[in-house]
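Results of the structural survey
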Amino acid sequence: MNKQELIAQIQQKKSFLCIGLDVDLAKIPTHLLAEKDPIFEFNKQLIDATHHLTVAYKPNIAFYEAYGLKGWQSLEKTIHYLNTNYPEIFTIADAKRGDIGNTSTMYAKAFFEDLNFDSVTVAPYMGSDSVEPFLAFQNKITILLALTSNKGGLDFQGLKIKNNELYKEVLKTALTWKNSENLMFVVGATKAEYFSEIRKIVPNHFLLVPGVGAQGGNLQDVCNYGLNKDCGLLINSSRGIIYAGNDENFAKSAQNEALKLQQQMEVILTKKSQG
């Protein structure tokens, strides 16, 4: 999927919602534990209930790796189900990879070729030769960690380098890398006041924004500072949607929560289009 196809989905669905599929067997409805593959069954029902309200799904890979081979098989089945039944949906492997060149190439092959994700999250700490192997894949997006929403995010990201915070230097430097047009950036919703500064550096790139909902981020604040002419935002909500219910109607409960966010997004997009 390319950027224009993603923009078309946003316009069609009047949504820039991304749903995080962070599956914890201790939190899913207990009746699903009797299924042969409870993780996949949980995901499948969530996807079927919410696909018309969202433009992206983001499985956090750690939540699958934690269950070993069975967890990885559940991930494979989930991405295959999405690509087969809802190919218009943008898929994000939230893997936060990043290593020396040859290793990064293999990480990229795993997510882009074997699993056929549209994008993968990558850590920038090791620099250009750890990120450019991801960027080399055509029609694939590399989502670089820039300013994260966790409590310790500013321990390093906020340090002053060359009279600039480190996260700003990351953004500026990343734009010089080969195929940088294939970049998106992670910017946490709990730091909404930073978005205007970030938009000065990357006015045209998409930002993946975690932290709305359970982590306390405010959708309206993020949009006030972060929207661009193409929308330019993917707002992720994980726990607030997927664990909205814990009984046999859990998928409907998730749908209701996703609908609330989609309706807010529709209002925001309508106001923006009206000037």
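Residues numbered from 1 in each chain as written. Predicted model: local features only at pLDDT ≥ 70, side-chain atom pairs only at ≥ 80, totals over all residues. Heavy atoms only, no water.

**A look at the pattern of salt bridges**
Two side chains carrying opposite charge are able to pair once their charged atoms lie near each other. The following threshold applies: Note on definitions: salt bridges are taken to be side-chain nitrogens of Lys or Arg within 4 Å of carboxyl oxygens of Asp or Glu. Put simply, DSSP H or I for four residues or longer makes a helix, DSSP E for two residues or longer makes a strand, and each gets a number counted from the N terminus. Note on exposure labels: buried denotes an accessible area under 20% of the residue type's maximum, exposed denotes more than 50%, and partly exposed covers the range between, all computed with a 1.4 Å probe on protein chains only.
In this structure the tally under the stated criterion is eleven salt bridges. A salt bridge links aspartate 94 to lysine 58, with the shortest nitrogen-to-oxygen separation between them at 2.8 Å. Linking aspartate 94 in strand β3 (residues 90-97) with lysine 58 in strand β2 (residues 56-59), this pair joins segments that are 36 residues apart in sequence. No difference in accessibility class separates aspartate 94 from lysine 58, as the two residues are buried. Each of the salt bridges in this network shares a partner with another, and the network as a whole consists of Glu165, Lys168, Glu197 and Lys200.

**Description of the environment of arginine 97**
Definition in use: The contact criterion used throughout is that any non-hydrogen atoms of two residues lie within 4.5 Å. Here a polar contact is taken to be a pair of N or O atoms separated by no more than 3.5 Å, where protein atoms must pair a possible hydrogen donor with a possible acceptor and residues adjacent in sequence count only if both atoms sit in side chains.
On the secondary structure map, arginine 97 appears in strand β3. Ignoring sequence-local partners within four residues, the contact set of arginine 97 consists of Ile61, Glu65, Tyr107, Phe111, Thr121, Val122, Ala123 and Phe134. Polar side-chain contacts of arginine 97 include one of 2.8 Å to the side chain of glutamate 65. Among the polar contacts made by the side chain of arginine 97, one reaches the main-chain carbonyl oxygen of alanine 95 at a distance of 3.0 Å.

**So, the packing of aromatic side chains**
Defined as follows: Classification of ring pairs rests on two measures: the distance between centres of Phe, Tyr or Trp rings, Trp counted by its six-membered ring, which must be within 6.5 Å, and the angle between planes, read as stacked under 30 degrees, edge-to-face over 60 and tilted in between.
The full count for this structure, using the stated rule, is eight aromatic pairs. Aromatic side chains phenylalanine 40 and tyrosine 81 sit 5.9 Å apart centroid to centroid with 80° between the ring planes, which places their arrangement in the edge-to-face category. Of this pair, phenylalanine 40 sits in helix α2 (residues 38-50) while tyrosine 81 sits in helix α4 (residues 68-85), and the two are 41 residues apart along the sequence. You can call tyrosine 81 buried: its relative accessible area is 14%. Each ring, one from phenylalanine 42 and one from tyrosine 243, has its centre 5.9 Å from the other, and the planes form 20°; the classification is stacked. With phenylalanine 42 in helix α2 and tyrosine 243 in the loop between α11 (239-242) and α12 (250-273), the pair connects residues that are 201 residues apart, well separated along the chain. Like phenylalanine 42, the residue tyrosine 243 is buried in the burial classification. Grouping aromatic residues by their ring pairs yields a cluster made of Phe40, Tyr81 and Tyr86.

**Some details on the packing of α2 against α4**
The condition is simple: Lines fitted to C-alpha atoms define the axes here, with helix axes fitted over just the stretch in contact, and angles between the N-to-C directions of these axes take values from 0 to 180 degrees. Note on angle classes: values under 35 degrees are labelled roughly parallel, values over 145 roughly antiparallel, values of 65 to 115 roughly perpendicular, and the remainder oblique. If you view the pair so one helix is near and one far, a crossing is left-handed when the near helix is turned anticlockwise from the far one by less than a right angle, and right-handed when it is turned clockwise.
Interhelical geometry of α2 versus α4 gives an angle of 20° and a closest axis separation of 9 Å. As summarised for this structure, α2 and α4 are arranged roughly parallel, according to the angle between their axes. In this structure, α2 crosses over α4, and the sense of that crossing is right-handed. Here Ile39, Phe40, Asn43, Lys44, Ile47 and Asp48 of α2 lie close against α4, whose contacting residues are Ser74, Lys77, Thr78, Tyr81 and Leu82.

**A few points about the pairing of strand β1 (residues 17-21)**
Each regular strand carries side chains that alternate between the two faces of the sheet. Put simply, the rule reads: A strand pair is defined by DSSP finding two or more bridges across the two strands. Consider the strands pointing away from the viewer: the crossover is right-handed when the path from the first strand over the helix to the second runs clockwise.
Within β1, five of the five residues are buried, leaving the element largely enclosed by the surrounding structure. Here β1 shows no split at all, with Leu17, Ile19 and Leu21 on one side and Cys18 and Gly20 on the other all buried. Pairing between β1 and strand β10 (residues 233-237): three bridges, direction parallel. Residue cysteine 18 lies in a different strand from β10, and its bridge partner there is asparagine 236. Between the parallel pair β1 and β2, the chain is carried across by α2, and the sense of this crossover is right-handed.

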